[in-house]
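Spelled out, the chains give:
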Amino acid sequence: MTPPQRQRRSPQEDPPPQPAQDKKEAERPNPERLYVVAGADGNRADLDLVTLIVASVEDPPHSATPEQAALLRLCAAPLSVAELSAYLSLPFGVVTVLLTDMLAAELVQARAPIVRKALPDRSLLEAVMHGLQRL
Amino acid sequence: MDFKGSETIPGPRTEDQLPHTAEAAAKIVIVGGFGVGKTTMVGSVSEIKPLTTEETMTQAGVGVDDNFGSASKTATTVAMDFGRIKITEQLVLYLFGTPGQERFWFLWNGLFEGALGAVVLVDTRRLEVSFDVMGRLEERGVPFVVAVNTFPDAPRYPVADLRTALDLSEDVPIMDCDVRRRASSRDVLITLMRFLHSLAMTGSRT
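Criteria and thresholds
- Residues numbered from 1 in each chain as written.
- Chains lettered and ligands numbered in written order.
- Predicted model: local features only at pLDDT ≥ 70, side-chain atom pairs only at ≥ 80, totals over all residues.
- Helix = DSSP H or I, 4+ residues; strand = E, 2+ residues; numbered from the N terminus.
- Buried ≥ 20, exposed ≤ 12 C-beta atoms within 10 Å, placed from the backbone.
- Contact = placed C-beta atoms within 7 Å.
- Nonpolar A, V, L, I, M, F, W, Y, C, P; charged D, E, K, R; others polar.
- Pairing = 2+ DSSP bridges.

Peer 1: Whenever I open this one, the overall build of chain B confuses me. Can you help?
Peer 2: Counting secondary structure elements, chain B contains four helices and seven strands. Written out in order from the N terminus, the α and β elements of chain B read β-α-β-β-β-β-α-β-α-β-α.

So, in structure tokens, the structure goes:
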């Protein structure tokens, strides 16, 4: 029996469309809800699914919305944006908008993710390999 | 999307909390067609109970359409399961099981651009559903390994035949796995790490 045949592709010269543009697409279905949760302000912080968020304050300020208070409580210990989205049952995009305000208000801190680079970090890959071997 | 209020939101269990020393996280994407075993694989290696993040998207061809409070929905919710492995006290690894259709990929900022690499999970009964995913990863320069989830009734091809059929170069690892088994899923991830490491040594790819 012969399996079906694929054809390899090459890396494209043109960069793929920027995620940021498509994020706006993602917001469209529910603009009023976003406004309610996150306020009307424009730009969002550049947050990855695995940016770690840590609370900078113990108690939410009086001005905090219920969502902000819940976020603060959740990230008393470091937690990724993806996990915050999961625990709050809020779409990823909504959580990034909420966090943008909270970062600006210095209620939380963000710890940047490790992203793939043109020249990968070998010591990082070795650390991950060793970590996986312990599983 | 009703918000429950801060007191009723369940957070991570105490034993699932990351230490304060956790400095940064990296991610790996597990991508493949519907029903190929992505969620099972995430669940078998994750140290936490797998979680789900959602995003909403408008359907193609539908313009700006406010459905707030209206009965007709134009938004589609796309869900992605993920798991987590604590590598060291400083480093955390996340695994995302991602739908194969590219139109979903933009929903999550930098899902593939930032990922260390990807696992393409294939089912030999429906090999062709993975073709487009592999092509997209190649176009984006995302390094990947191919893991064949061995379903009992699926055809078994020699790796050489599979490599030819998938038009993959000699260096791209292809392996069998049983995603229900933690050790098997873990070995796939280790193979991906070794592959990424070899690329780092040769510097042949981005």
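Peer 1: Explanation requested: the overall build of chain A in the structure shown.
Peer 2: Counting its regular elements, chain A contains six helices and three strands. Ordered by position from N to C terminus, the α and β elements of chain A give α-α-β-α-β-α-α-β-α. Across the 135 residues in chain A, those meeting the buried criterion constitute 43%.

Peer 1: Even after reading the chapter, I still don't get the interface of chain A and chain B, so can you show me in this structure?
Peer 2: Often, the extent of an interface is quoted as the loss of accessible area upon association of its parts. The partner chain B presents 77 residues to the 68 residues of chain A that form the contact. Where the side of chain A that touches chain B is concerned, the elements lending two or more residues are helix H1 (19-27), helix H2 (31-38), helix H3 (66-74), strand S2 (79-80), helix H4 (81-88), helix H5 (92-104) and helix H6 (122-133) of chain A. At nine residues, the largest contribution of residues to the side of chain A that touches chain B is made by H6 of chain A. Split by residue class, the side of chain A that touches chain B holds 41 nonpolar, 10 polar and 17 charged.

Peer 1: Sorry if this is basic, but what is going on with unusual backbone geometry here?
Peer 2: Apart from glycine, the bulk of residues carry a negative phi angle, and the bulk of peptide bonds sit in the trans form. Residues and elements named next belong to chain A. Notably, Ser 89 is not glycine yet its phi reads approximately 55°, a positive angle. With respect to the helices and strands, the residue Ser 89 is situated in the loop between H4 and H5. Ser 89 gets classed as partly exposed once you count the C-beta atoms within 10 Å, which come to 14. The backbone of Glu 106 sits at a positive phi, close to 60°, despite the residue not being glycine. Look at Glu 106 and you get exposed, because 9 C-beta atoms sit within 10 Å.

Peer 1: Is there a simple way to explain the sheet that holds strand S1 (residues 52-55) of chain A in this structure?
Peer 2: The strands that make up a sheet are held in pairs by hydrogen bonds between backbone atoms, and each pair lies either parallel or antiparallel. All names here are of chain A. Strand order in the open sheet formed by three strands is S2-S1-S3, with antiparallel pairing between adjacent strands. Taken across any chain shown, the strands that pair with only one partner, and hence form the sheet edges, are S2 and strand S3 (108-111). By the bridge criterion, two bridges tie S1 to S2 in an arrangement that is antiparallel. Counted as the bridge partner of Ile 53 is Leu 79 from S2.

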